[in-house]
Amino acid sequence: MHDLFSNDIVPTEKVKLPFANGVELFIRREDLLHPEISGNKFRKLKYNMQAALQANVKQVLTFGGAYSNHIAATAAAGRLLGIETIGVIRGEEVAGVYRENPTLKKAEADGMRFKFITRTAYRNKEDLAFLAELKREFGDFYLVPEGGTNEEAVRGTEEIIQHQDVQYDYICCAVGTGGTIAGLINRSWDHQQVYGFPALKGDFLADEIKKYTQKENWTLQLAYHFGGYAKYNAELLQFIADFKQNTGILLDPIYTGKLLFGIFDLIEQNKFAQNSKILAIHTGGLQGWNEKIK
Ligand SMILES: *Cc1c(COP(=O)(O)O)cnc(C)c1O
C-alpha cells in the first residue's frame with residue numbers, strides 16, 4: 001500500500017452534552033485523517049487508487065457535483081499518487097464559472113481535468129455506451145463511481161471500525177450514497193445498532209446499502225435531511241456554531257451537522273437506551289466550508 005494511506009488511526013473524543021440523559025456520546029475524528037483527503041473519502045479512495053495503480057492505467061475518471069467532497073478528494077489523491085484525474089461534473093452551466101467555485105478551483109490546481117455535462121446526460125453516468133464514449137474521448141481510465149461508492153470503497157470504510165469499538169451500543173454516521181454506512185455495518189458487532197442519517201431525501205438509499213451488506217442491525221433516521229441535499233436553515237447553522245463553541249469541533253451543514261443535530265434530537269427524545277454509549281463518525285467534508293464559519 002502506498003504511504004499516502006498508511007497512517008489511518010485517528011482520535012475518538014467524548015462530547016460534552018448540554019443535557020444529561022444517561023447516555024454518553026463519542027466522536028471519531030475521521031476529519032483529521034489527512035489535510036486534503038479527509039474522512040470517508042480517504043477511506044473510499046484507498047483501495048480504488050490501489051486498484052488503479054495495479055491496473056496500470058494512467059488516469060482515474062469519476063463523477064460529481066460542483067461542490068463534491070469526492071471530486072476534491074480524488075483530485076488531491078491523484079496529485080499525491082501521480083495518477084491523472086478526470087472529473088465529469090454535473091451541470092453544463094458550471095463550465096463558465098467553475099473557477100469561482102473553491103472545490104473545482106482546488107481540484108484543477110491538483111491537476112484534475114473536467115468535462116461538464118447536462119443534468120440529463122449525467123443521469124446516464126452508469127450506462128456502458130456513455131462510458132465507452134468517455135473512453136474514446138479520454139483514453140483508458142479506471143472508473144470510480146459517483147460519490148466513490150463501490151466494493152473497494154466499502155472495503156475501505158470497514159477500516160473505520162477499530163477493535164475497541166465493541167464497547168459502543170450505537171454507531172451513527174451521515175449517509176450520502178451509502179458506502180460509508182455499509183462498511184460500518186459490515187464491521188459492527190451484533191449487539192450494536194448502526195444508525196444512518198441521510199443528508200438527502202430519497203427512499204432508494206436502503207436498497208443501495210443492501211447491495212453492500214447482508215447484516216440487518218441498522219436503520220435510517222429519515223427526519224434530518226433539512227429539505228434535501230445541500231439544503232439547510234438557520235437552526236442548523238446555529239447548532240453548528242454552538243457545537244463548535246462547546247467542543248471545538250467543526251461540522252459542515254451538508255453531512256455531519258445534520259448527523260449531530262439528529263443525534264442530539266434523538267438523545268433529547270430518549271430514543272437511545274439508558275446508559276448506552278454512542279459513537280458518531282465525523283466523516284470530514286470541511287473543504288470549501290472551513291472559511292465561512294470559523
Ligand atoms: C461524501 C460524504 C458523506 C456520504 O458518504 P456516503 O458513503 O456517500 O454515504 C458523509 N459525510 C461526508 C463529510 C461526506 O463528504
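Since the model is a prediction, treat every value here as computed from it, not as a measurement. (Residues numbered from 1 in each chain as written. Predicted model: local features only at pLDDT ≥ 70, side-chain atom pairs only at ≥ 80, totals over all residues. Heavy atoms only, no water.)

A. Focus on the sheet that holds strand 5 (residues 113-117). Spatially, 5-4-3-6 is the arrangement adopted by the four strands of the open sheet, whose pairing is parallel. Strands with a single pairing partner mark the edges of an open sheet, and in this sheet they are strand 5 and strand 6 (142-144). Strand-to-strand, the axes of this sheet are offset by a mean angle of 20 degrees, without reference to chain direction. Judged from the five bridges that link them, strand 4 (residues 84-90) and strand 5 form a sheet pairing that is parallel. Across the sheet, residue Ile 86 finds its bridge partner in strand 5, namely Arg 113. Of the strands in this sheet, strand 3 (59-64) and strand 6 touch helix 1 (residues 39-55), which is tilted by about 170 degrees from strand 6. (Pairing = 2+ DSSP bridges. Helix = DSSP H or I, 4+ residues; strand = E, 2+ residues; numbered from the N terminus. Axes fitted to C-alpha atoms, helices over the stretch in contact; angles between N-to-C directions. Contact = heavy atoms within 4.5 Å.)

B. Fine view of the pairing of strand 8 (residues 193-198). Counting buried positions over the six residues of strand 8 gives five, a clear majority of the element. In this sheet, strand 8 lies alongside strand 7 (residues 170-175) in parallel orientation, the contact comprising six bridges. Its bridge partner being in strand 8, Cys 172 is matched across the sheet by Tyr 195. Handedness of the β-α-β unit built from strand 7, helix 7 (residues 179-187) and strand 8 comes out right-handed. As judged from the three bridges shared by strand 8 and strand 9 (residues 218-220), these two strands associate in the parallel manner. Counted as the bridge partner of Gly 196 is Leu 220 from strand 9. The β-α-β motif built from strand 8, the intervening helix 8 (residues 205-210) and the parallel element strand 9 has right-handed crossover chirality. (Buried < 20%, exposed > 50% of the residue type's maximum accessible area, 1.4 Å probe, protein only. Right-handed = clockwise from strand over helix to strand, strands pointing away.)

C. Representation of the site of the ligand. In the neighbourhood of the ligand, 14 residues make up the surrounding shell, with Lys 41, Lys 44, Asn 69, Thr 177 and Thr 283 lying closest. Contact between the ligand and Gly 176: an oxygen atom at 2.7 Å from a main-chain N or O atom of the residue. Protein contact buries 98% of the 390 Å² of open area that the ligand shows by itself. Contributions of two or more residues to the shell around the ligand are made by helix 1 and helix 7. Counting residues per element, the shell around the ligand draws most heavily on helix 1, which supplies three residues. Residue classes in the shell around the ligand are distributed as two nonpolar, ten polar and two charged. (Near = heavy atom within 4 Å. Polar contact = N/O pair within 3.5 Å; in protein donor to acceptor, adjacent residues only side chain to side chain. Areas by Shrake-Rupley, 256 points an atom, 1.4 Å probe, with all protein chains shown as cover. Nonpolar A, V, L, I, M, F, W, Y, C, P; charged D, E, K, R; others polar.)

D. A look at unusual backbone geometry. You will see that Phe 226, though not glycine, has its phi angle at about 55 degrees, which is positive. You will see that Asn 270, though not glycine, has its phi angle at about 60 degrees, which is positive. For Asn 270, the location among the structural elements is in the loop between helix 10 (256-268) and strand 10 (277-282).

E. View of the environment of Leu 251. As for its placement among the helices and strands, Leu 251 is situated in the loop between helix 9 (234-247) and helix 10. C-alpha of Leu 251 to C-alpha of Asp 31: the two residues are 220 residues apart in sequence and 9.4 Å apart in space. Apart from the residues within four sequence positions on either side, Leu 251 is in contact with Phe 239, Ile 240, Phe 243, Thr 256, Gly 257, Leu 260, His 282, Leu 286 and Trp 289.

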